[in-house]
Amino acid sequence: RLATWPNKTHRIVHIMRGGIVLVALAALLLGCVGLATADNATCEDASLLQTPRKSSEFSLPLNLTLVDGIRKHRITTETFLGMVAAVLIFLTWEFFWGSAKYHEEALTAPRGLPDRWWLVIMSAMIQVVSGSVYAMGAWQNDLRDSLQISMASTTMIGAMAFVGNIAGFFGGMLFDRFGTRAMVCLGCCSLSIGYCLIGIALVSSLAKSLKVILAALGSLVAGYASISLIDNVICVACSISFLKEQAAVVGYLKAARATAAGLWALLWVQLFQNRFSLASFMGISAIASFVVGIMSLSSMKVLPPQSTESLKEHGEIARAVSLIFLLIALTCFDVWAGYDYANGMGVSGWMTGSVALVLQMSPLLLLVTLKESVQGSAGSAGSASETTGSLQNRNGITFQAAFKGIDFWLLWVCQFAVFGAGVATNQNLALILETTGHDSASSLGVALFALTSALSRIVVGILSDKYQAYFTRFHWLTAGAFCAMIGQFLVSLMDLTGIMAGTCLMGLSFGSFYTIIVPMVNEMYGNLEFGKMMGAQMSCQAPAALLIVCHLLPAVYRNAAGGKELCEGRGCFQTSFLLLTVLNAVGLAAAVVLQVRNSDSLPVTRLNEARSSKGFSS
């Protein structure tokens, strides 16, 4: 039926329909319908849904009847179970009754320049919901207070978002087998389910230990979906599709993901923290992940070789500049809003959060300016064979051969250090600032991390493509590792200036590294098993999260607290970040060795030469 629709018209209607569903569900979730109390309270009464901020406040008397009434009419366990059921029904329908659409060999890939813009912009929209995982540092304190758990349990829940990536290669294998669209569908549905599980832990009457397990499981599912099933898959697909600008395109998508972290942190502070509960924020996150994923499915494909023309050749620079401008405008707005709020000059309000949300969604307006693609997106007889050929004609090194090489492990060690340092800073920023007496600056810190990360991804992506002959991707990798080492040292100073400066440097390191690594792996090993290769590289995030976030930071924190529940002062995190400085010095050494080893040739070239010489000798 879709084949009879004009491609552009169908996609715009598809997005509008999804947007209407998103707005309707959000209004239903947050509206005051059915909320009737003896005191005629309204949604604007922050005392009804606001979670106590300090553990000492739990002794305050609570109107349990009123709270039960709010839960009855608003968000309950059944609310989240209903969301999970809807997501599972949709996922079952798509994969069993609509499975034919997920075999890329059976469909036509998008063609022409307009379809390339659809792929990039809709991928960026998916990155918006995918990046919500990185905003956990802004609401981690409220999660701790809502569940009434210790700092160790809180950091464990945050770390579980990255533990699942130990099986990151599995997501890559599924991408190599089923393609982009199937993985995006599975990833967005899993992300929604993960947030629902955290929501159930917040509103249920289960024992505290079961709540921690449920929240940790939700964090695990959401984190794995965000990184291994969405982010990796989208970046790998775009890297294959845009051979001439792969780092620039991947950099933009990574920047959209980094900016989304600041957006979700700002939405929490400006719209939800003083008006609604954390459970309602989890509900909105679940709904947004599900609906945005559905809206974007029609544009998710790996482009065929016919679509590898340069944007510059078609005069599309204006649209590219517009995308970058809108992204930078959003990051600057997030930083400004966070700065005002941290210094007490701004108050949380609907207007600030709404403006940020509009800026984040504004790239969709560029889709209206696109002309219809000359070649349709479905129904041509020869298209299936062309797509099949583009998928089958892959070349490069097998995963087994790369796994045995030292280059693979040098890159793994470097990523272990950079990621461990970045997640230790960003995911625990609220707790770090709380120990120094600046807990109100957490949203500003997350916004600064998002700003520097977004800018570095865009700049490094463009420059590494344009000036690769002079400053290779390996040079950028070394520069990023150096920034990570200096950033961790600055955070270890444990004053507001040092923490913010270190956060900015970590954003630069994080952004440049995760922009470079995707095209770097593609160039080093080819695209034969690209998905599996990237998934295996991302598996380092699991041991980094377990060792650093789950063990190192809590152990130092407990020792400095001296038996108290809350720790205050420099010693709470200082030793941890000094050790992380040493770890990133090791990562810098690994990056330098990798740069020297690949200065003249890449692994795929060396392996092909070895095979040729072996065949000649035979």
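Residues numbered from 1 in each chain as written. Predicted model: local features only at pLDDT ≥ 70, side-chain atom pairs only at ≥ 80, totals over all residues. Heavy atoms only, no water.

### Thoughts on the overall build of the chain
Then comes step 1: The number of helices and strands found in the chain is 26 helices and zero strands.
Then comes step 2: Intrachain contacts of the chain at a sequence separation of at least 6 include 86% that bridge at least 24 residues.
Then comes step 3: Accessible surface, the chain as shown: approximately 24100 Å² in total, 67% of it carbon and sulfur. (Helix = DSSP H or I, 4+ residues; strand = E, 2+ residues; numbered from the N terminus. Contact = heavy atoms within 4.5 Å. Areas by Shrake-Rupley, 256 points an atom, 1.4 Å probe, with all protein chains shown as cover.)

### Focus: helix α11 (residues 246-272)
An α-helical turn contains 3.6 residues, so a residue and the one three or four places further along point in the same direction.
Then comes step 1: With 27 residues, α11 extends 37 Å between its outermost C-alpha atoms, agreeing within 8% with the 39 Å of an ideal straight helix rising 1.5 Å per residue.
Then comes step 2: Taking burial as the measure, the 27 residues of α11 include 26 buried ones, the bulk of the element. (Expected span 1.5 Å × (residues − 1). Buried < 20%, exposed > 50% of the residue type's maximum accessible area, 1.4 Å probe, protein only.)

### Remarks on the environment of alanine 135
Then comes step 1: Looking at where alanine 135 falls in the secondary structure, it is placed in the loop between α5 (112-130) and α6 (136-147).
Then comes step 2: Alanine 135 sits 133 residues away from tryptophan 268 along the chain, and the two C-alpha atoms are 9.0 Å apart.
Then comes step 3: Discounting chain neighbours no more than four positions away, the residues touching alanine 135 are Ala261, Trp264 and Ala265.

### Quick look at the pattern of salt bridges
Then comes step 1: Applying the stated criterion across every chain, the model contains eight salt bridges.
Then comes step 2: The partner of arginine 597 in a salt bridge is aspartate 407, with the nearest N and O atoms 3.0 Å apart. Residue arginine 597 is located in helix α25 (residues 574-597), and its partner aspartate 407 is located in helix α18 (residues 406-426); the two are separated by 190 residues in the primary sequence.
Then comes step 3: For aspartate 407, a relative accessible area of 5% translates into the label buried.
Then comes step 4: In this structure, the salt-bridge partner of arginine 606 is aspartate 407, at a minimum N-O distance of 3.1 Å. (Salt bridge = Lys/Arg side-chain N within 4 Å of Asp/Glu carboxyl O.)

### Considerations on the state of the cysteines
Then comes step 1: Counted according to the given criterion, the structure contains one disulfide.
Then comes step 2: Covalently, cysteine 567 is tied to cysteine 572 through a disulfide, its sulfur atoms 1.9 Å apart. Looking down the S-S bond of the cysteine 567 and cysteine 572 bridge, the torsion is -90 degrees, so its handedness is left-handed.
Then comes step 3: Relative accessible area serves as the criterion here: at 1%, cysteine 572 is assigned to the buried category.
Then comes step 4: In this model cysteine 540 remains outside any disulfide bridge; the closest cysteine sulfur is found in cysteine 414, 9.4 Å from its own.
Then comes step 5: The exposure class assigned to cysteine 540 is buried, which follows from its relative accessible area of 0%. (Disulfide = S-S within 2.5 Å.)

### Section: unusual backbone geometry
Then comes step 1: With a phi close to 55 degrees, glutamine 148 is a non-glycine residue in the positive phi region.
Then comes step 2: Checked against the element boundaries, glutamine 148 lands in the loop between α6 and α7 (151-163).
Then comes step 3: On the accessibility criterion, glutamine 148 (42% relative accessible area) is partly exposed.
Then comes step 4: Backbone geometry places methionine 494, a non-glycine residue, at a positive phi of 60 degrees.
Then comes step 5: Mapped onto the fold, methionine 494 is located in the loop between α21 (473-491) and α22 (496-525).
Then comes step 6: The class for methionine 494 is buried, based on a relative accessible area of 3%.

### Looking at the packing of aromatic side chains
Then comes step 1: Inspection of every chain in the model, using the stated rule, returns 15 aromatic pairs.
Then comes step 2: Where phenylalanine 408 meets tryptophan 409, the ring centres are 5.4 Å apart and the plane angle is 80 degrees; that geometry is what we call edge-to-face.
Then comes step 3: Residue classification places phenylalanine 408 among the buried residues on the basis of a relative accessible area of 1%.
Then comes step 4: Considering the side-chain rings of tyrosine 557 and phenylalanine 573, the 5.6 Å spacing of their centres and the 55 degrees angle between planes classify their relative orientation as tilted. Here the residue tyrosine 557 occupies a position in helix α24 (residues 541-561), and phenylalanine 573 occupies one in the loop between α24 and α25, the gap between them amounting to 16 residues.
Then comes step 5: Since its relative accessible area comes to 0%, phenylalanine 573 is described here as buried.
Then comes step 6: These aromatic residues form a ring-pair network of at least three members: Phe399, Phe403, Phe408, Trp409, Trp412 and Phe416. (Phe/Tyr/Trp six-rings, centres within 6.5 Å; stacked < 30°, edge-to-face > 60°.)

### Looking at empty space enclosed by the protein
Then comes step 1: All chains considered together, the criterion is met by three cavities of 30 Å³ or more.
Then comes step 2: The calculated volume of the largest cavity comes to roughly 150 Å³.
Then comes step 3: Around the largest cavity, the lining comprises 17 residues; the ones closest to its centre are Tyr134, Arg257, Arg457, Phe510 and Tyr514.
Then comes step 4: If you list the elements that add at least two residues to the lining of the largest cavity, you get α10 (208-241), α11, α18, α20 (442-466) and α22. (1 Å grid on protein atoms, 1.4 Å probe; cavity = no way out; pocket = protein on both sides within 12 Å on 5 of 7 lines; lining within 4 Å. Points joined across faces, edges and corners; volume = space filled by probe spheres on them.)

### Remarks on the packing of α6 against α7
Then comes step 1: Where α6 contacts α7, the two axes come as close as 10 Å, and the packing angle between them is 135 degrees. Between α6 and α7, the crossing angle belongs to the class labelled oblique. For the crossing formed where α6 meets α7, the hand is right-handed. Contact with α6, carried on its side by Met136, Gln140, Leu143, Arg144 and Leu147, involves Thr154, Thr155, Ile157 and Gly158 of α7 and no other residues of that element.
Then comes step 2: Residues of the contact of α6 with α7, tallied by class, amount to four nonpolar, four polar and one charged. (Axes fitted to C-alpha atoms, helices over the stretch in contact; angles between N-to-C directions. Parallel < 35°, antiparallel > 145°, perpendicular 65-115°, else oblique. Left-handed = near helix turned anticlockwise from the far one by under 90°. Nonpolar A, V, L, I, M, F, W, Y, C, P; charged D, E, K, R; others polar.)

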